[in-house]
Amino acid sequence: CRDSNGDLHEFGSSWRNADCYDCSCSRSGINCCSSFATPVDYDEEKCVSIFNKETCTYKVVEKDDHSKECPVHGWVG
């Protein structure tokens, strides 16, 4: 299988790409799905979600003070 970066992967192999998607290669092609959950139920007027590509996670913090986390009531992924 050849991924979107042009890299070749063996049939039966799996990997995590730079965009935090878990991918696998089979004879029918490449299949990728997100390895992270996205916050959906939080105070969007007061807070902002920030994605960390190194840990493949979101953090939801106050817009005016990123040291203060906001409560999240729902995630999708």
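The preceding data block contains the structure.
Residues numbered from 1 in each chain as written. Predicted model: local features only at pLDDT ≥ 70, side-chain atom pairs only at ≥ 80, totals over all residues. Heavy atoms only, no water.

Trainee: Before we go on, may I ask you to explain the pairing of strand E2 (residues 21-26) in this structure?
Mentor: One face of the sheet, then the other: side chains in a regular strand alternate in exactly this way. Relative to E2, strand E1 (residues 14-16) runs antiparallel, the two being bridged by three bridges. Residue pairing across strands places Arg16 opposite Asp22, the latter belonging to E2. Counting the residues in the hairpin turn of E1 and E2 gives four residues, including Cys20, whose phi is positive at 65 degrees. One ladder, built from six bridges, connects E2 with strand E3 (residues 29-34); its direction is antiparallel. Counterpart to Ser24 in the pairing with E3 is Asn31. Between E2 and E3, which pair antiparallel one after the other, the connecting turn spans two residues. (Pairing = 2+ DSSP bridges. Helix = DSSP H or I, 4+ residues; strand = E, 2+ residues; numbered from the N terminus.)

Trainee: Help me out: how do you make sense of a negative patch on the surface in this one?
Mentor: Side chains of Asp41, Asp43, Glu44 and Glu45 sit close together on the surface and give a patch of like negative charge. Summarising the element assignment, Glu45 is placed in the loop between strand E4 (38-39) and strand E5 (47-52). By relative accessible area, which is 74% here, Glu45 ends up exposed. (Patch = residues over 30% accessible without salt bridge, like charges linked within 9 Å, V, L, I, M, F, W, Y side chains within 5 Å. Areas by Shrake-Rupley, 256 points an atom, 1.4 Å probe, with all protein chains shown as cover. Salt bridge = Lys/Arg side-chain N within 4 Å of Asp/Glu carboxyl O. Lys, Arg positive; Asp, Glu negative; His and termini not counted. Charge placed at Lys NZ, Arg CZ, Asp CG, Glu CD. Buried < 20%, exposed > 50% of the residue type's maximum accessible area, 1.4 Å probe, protein only.)

Trainee: Sorry if this is basic, but what is going on with the state of the cysteines here?
Mentor: Here a disulfide denotes a covalent bond joining the sulfur atom of one cysteine to the sulfur atom of another. One pass over the full model with this rule turns up four disulfides. Covalently, Cys1 is tied to Cys25 through a disulfide, its sulfur atoms 2.0 Å apart. In this structure the cystine formed by Cys1 and Cys25 twists about its S-S bond by roughly 80 degrees; its chirality is therefore right-handed. You can see Cys1 sitting in the segment before E1 and its partner Cys25 sitting in strand E2, a full 24 residues away along the chain. Covalently, Cys20 is tied to Cys56 through a disulfide, its sulfur atoms 2.1 Å apart. The disulfide joining Cys20 to Cys56 has a torsion of about -75 degrees about its S-S bond and is therefore left-handed. Here the residue Cys20 occupies a position in the loop between E1 and E2, and Cys56 occupies one in the loop between E5 and strand E6 (57-62), the gap between them amounting to 36 residues. The class for Cys56 is buried, based on a relative accessible area of 9%. Taken in sequence order, the bonded cysteines of the protein chain link in the pattern 1-4, 2-7, 3-5, 6-8. (Disulfide = S-S within 2.5 Å.)

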